[in-house]
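This is what each chain is made of:
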There are 2 protein chains.
Amino acid sequence: MITKSSDLQTERRENMRGGAGTVQIAHAAAKGALPPGLRLHAKLTLPPGAGIGEHAHENETELFYVLQGQGEMLDGGVWAPLFPGDATSTGGGQSHALRNTGEADFVVMATIVLQ
Amino acid sequence: MITKSSDLQTERRENMRGGAGTVQIAHAAAKGALPPGLRLHAKLTLPPGAGIGEHAHENETELFYVLQGQGEMLDGGVWAPLFPGDATSTGGGQSHALRNTGEADFVVMATIVLQ
């Protein structure tokens, strides 16, 4: 099944999880067509200055894969830099936060896998 | 957990599933750190002229999300065009194939979710 980009849901989330600015979410699966093992599969765009506040993942694992730009993830209480091609995994009750530290969009694929 | 791009596995597959040319696979999770519900989570780069031959997905669903370039997916026996932002889902015994039809790299995120 192919779903054209114009038929995929997009969202704008202000102060997502308490973070700064507005995060753009471009869903990468048609509504209702996400396989049962996933809760989210989307491209997240954080404009300069934007972020997602700290939150925990219980009974699921969130994977980020950096596509463009530069940012940082709060991981184990420490902000660590992220560049294109870097990957992250947060699950088992761990928490994380994400922010753009560059002057261009910071873009990641976000995939939440249920446990 | 953060895995830097230099620590992520990359592969080059010639004539993948019988397709033309060489496909580059950049894994988006550390080896052994893929959540149990996933079999693959990777960025696939198909250079101009390259493709992945037709194959079926049983007991799993493969999602493609187009990041760059232009290509086509064989879907239900018909080649259909794909552009950045388009999404595909192939599972339940369905088969598909993928090919670059443009003059630049055709890049997709590929995520295989076990059923």
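None of these values were measured; they are calculated from a predicted model. (Residues numbered from 1 in each chain as written. Chains lettered and ligands numbered in written order. Predicted model: local features only at pLDDT ≥ 70, side-chain atom pairs only at ≥ 80, totals over all residues. Heavy atoms only, no water.)

Enquirer: Before we go on, may I ask you to explain the interface of chain B and chain A in this structure?
Expert: Note: interface size is frequently given as the accessible area lost on complex formation between the parts. Chain B puts 34 residues into the contact, and the matching count from chain A is 34 residues. By the criterion of area lost to chain A, the three top residues of chain B are Met1, Ile2 and Tyr65 of chain B, representing 23% of everything that side buries. Our enumeration of links across chain B and chain A arrives at 2 salt bridges. Between Asp86 of chain B and Lys4 of chain A there is a salt bridge, and its shortest N-O distance comes to 2.5 Å. Of all the secondary-structure elements, those providing two or more residues to the side of chain B that touches chain A are β1 (2-3), β3 (22-27), β4 (38-46), β6 (60-68), β7 (71-75), β8 (78-82), β9 (87-91) and β11 (106-114) of chain B. A per-element tally of the side of chain B that touches chain A places β6 of chain B first, with 4 residues. (Contact = heavy atoms within 4.5 Å. Buried area = accessible area lost by both parts, 1.4 Å probe. Salt bridge = Lys/Arg side-chain N within 4 Å of Asp/Glu carboxyl O. Helix = DSSP H or I, 4+ residues; strand = E, 2+ residues; numbered from the N terminus.)

Enquirer: What is the right way to read the pattern of salt bridges from this model?
Expert: Any two side chains of opposite charge can pair, on the condition that their charged atoms come close. Residues and elements named next belong to chain B. For the coordinates displayed, the defined rule picks out 8 salt bridges over all chains. The partner of Glu11 in a salt bridge is Arg13, with the nearest N and O atoms 3.2 Å apart. Judged by its relative accessible area of 21%, Glu11 is partly exposed. On the basis of relative accessibility, which here comes to 35%, the residue Arg13 falls in the partly exposed class. Ionic pairing is found between Arg39 and Glu60, a salt bridge with its closest N-O pair at 2.8 Å. Taken together, the residues span a long stretch of sequence, with Arg39 in strand β4 and Glu60 in strand β6 at a distance of 21 residues. You can call Arg39 partly exposed: its relative accessible area is 42%. (Buried < 20%, exposed > 50% of the residue type's maximum accessible area, 1.4 Å probe, protein only.)

Enquirer: When you look at the sheet that holds strand β10 (residues 95-100) of chain B in this model, what are you seeing that I'm missing?
Expert: What links the strands of a sheet is backbone hydrogen bonding, and the strands pair in either a parallel or an antiparallel sense. Residues and elements named next belong to chain B. Here we have 4 strands laid out as an open sheet, ordered β5-β10-β7-β8, and antiparallel in their pairing. A strand with exactly one partner marks an edge of an open sheet, and here the two such strands are β5 (51-56) and β8. Direction aside, the axes of adjacent strands within the sheet are offset by 20° on average. In this sheet, β10 lies alongside β5 in antiparallel orientation, the contact comprising 4 bridges. In the sheet register, Ala56 faces β10, and the bridge partner there is Ser95. (Pairing = 2+ DSSP bridges. Axes fitted to C-alpha atoms, helices over the stretch in contact; angles between N-to-C directions.)

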